[in-house]
Amino acid sequence: MEICSAQGYAKNPELIERFYDERRRELADVEPNAAHYYFAELEKRFEVVHLTQNVDDLLERAGAKNVVHLHGKLIQLRCNECGTIFDIGYESQKGKQCPACQSQNLRPDVVFFGESAPNYRYLYTTKADIFIAVGTSGQVIDIADIAANYPVSILIDPKRHKRVTMFGEFDEFLDEYFTHYIQKPATEAIADVEPLLLFFLDRFR
């Protein structure tokens, strides 16, 4: 809560800035994995929208173009004066200026706990025949409720999670709300996803 909440940022913005500077430096040395490349490649064959809770840019580096970051993006800063969002890559925030108003009153462009997440609207307005959720516990976003909006839903996660919402923990597991559950890491689940996609998309034609 000290480094990922609105209250923590208001109390000690320098600490949070240093924390995210370190995360950007680490991200520079991380490479996309096979799952990033697979889901990015799907854009070449189908109409795909990637809704990611992750703040990294690994999907984009794997070639994905249509990516919506629900919780912001680590390699971007937001100006507290004029609201401009701009890319700084993997560099430190220190000494940066807003390209629009030249202010140095900047912050990481990530959603802290206690703040609204405007891009959550895409969770309920994005239309699709198939919804695939990859590696989410469902505790930040009630993904079970989202899955119910789609004809076919696939959950990929090596670990089963109980459904947890603001109302508490349910008796049911998250995967029980999905059409299909692949209990494997994302990189291993690719071989199972491909035939499912082809089977259901053929039915939708």
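The text that follows walks through the structure, step by step, so that each part is easy to find. Values in this document were obtained by computation on a predicted structure and should not be read as measured data. (Residues numbered from 1 in each chain as written. Predicted model: local features only at pLDDT ≥ 70, side-chain atom pairs only at ≥ 80, totals over all residues. Heavy atoms only, no water.)

Points about the packing of aromatic side chains
Piece 1. Under the counting rule described, the total for this entry stands at seven aromatic pairs.
Piece 2. Centroid distance F19 to Y20: 5.0 Å. Interplanar angle 90°. Geometry classified as edge-to-face.
Piece 3. Judged by centre distance (5.2 Å) and plane angle (75°), the ring pair of Y38 and F39 falls under edge-to-face. F39 matches Y38 in its accessibility class, with the two residues each being buried.
Piece 4. An aromatic cluster is built from Y9, F19, Y20 and F112, whose rings are joined through pairwise contacts.
Piece 5. Over the face of the ring belonging to Y9 we find R107, whose NZ or CZ atom lies 5.4 Å from the ring centre. (Phe/Tyr/Trp six-rings, centres within 6.5 Å; stacked < 30°, edge-to-face > 60°. Buried < 20%, exposed > 50% of the residue type's maximum accessible area, 1.4 Å probe, protein only. Lys NZ or Arg CZ within 6 Å of the ring centre and 35° of its normal.)

Comments concerning helix α7 (residues 186-204)
At 3.6 residues per turn, the α-helix brings residues three or four places apart onto the same side.
Piece 1. Its 19 residues place the ends of α7 25 Å apart at the C-alpha level, agreeing with the 27 Å of an ideal helix rising 1.5 Å per residue.
Piece 2. Of all the positions in α7, only A189, I190, V193, L196, L197, F200 and L201 are classed as buried.
Piece 3. On the buried face of α7, the contacting elements are α3 (34-41), β6 (130-134), β7 (152-156) and β10 (180-182). (Helix = DSSP H or I, 4+ residues; strand = E, 2+ residues; numbered from the N terminus. Expected span 1.5 Å × (residues − 1). Contact = heavy atoms within 4.5 Å.)

A few points about the sheet that holds β10
Piece 1. Pairing in this open sheet of three strands is parallel, and the strands run β6-β7-β10 from one edge to the other. The open sheet terminates on both sides in strands that have one partner only, identified here as β6 and β10. For this sheet, the mean inter-axis angle between neighbouring strands, taken without regard to orientation, is 15°.
Piece 2. In terms of strand pairing, β7 meets β10 through three bridges, oriented parallel. Residue I154 lies in a different strand from β10, and its bridge partner there is H180.
Piece 3. Along the sheet, α7 contacts β6, β7 and β10; its crossing angle with β6, the most-contacted strand, is approximately 170°. (Pairing = 2+ DSSP bridges. Axes fitted to C-alpha atoms, helices over the stretch in contact; angles between N-to-C directions.)

Here's the deal with the nonpolar core
Piece 1. In terms of nonpolar packing, the biggest core is built from 17 residues, with Y38, I130, I154, I156, I182 and L197 touching the most fellow members.
Piece 2. Elements represented by at least two residues in this core include exactly α3, β7 and α7.
Piece 3. No other element matches the seven residues that α7 contributes to this core.
Piece 4. What L197 contacts, discounting residues up to four positions off in sequence, is Y38, L42, I130 and I132.
Piece 5. Of all hydrophobic cores here, the second largest spans 14 residues; its members include V68, F131, I146 and A147. (Core = buried A, V, L, I, M, F, W, Y, C linked by side-chain atoms within 4.5 Å.)

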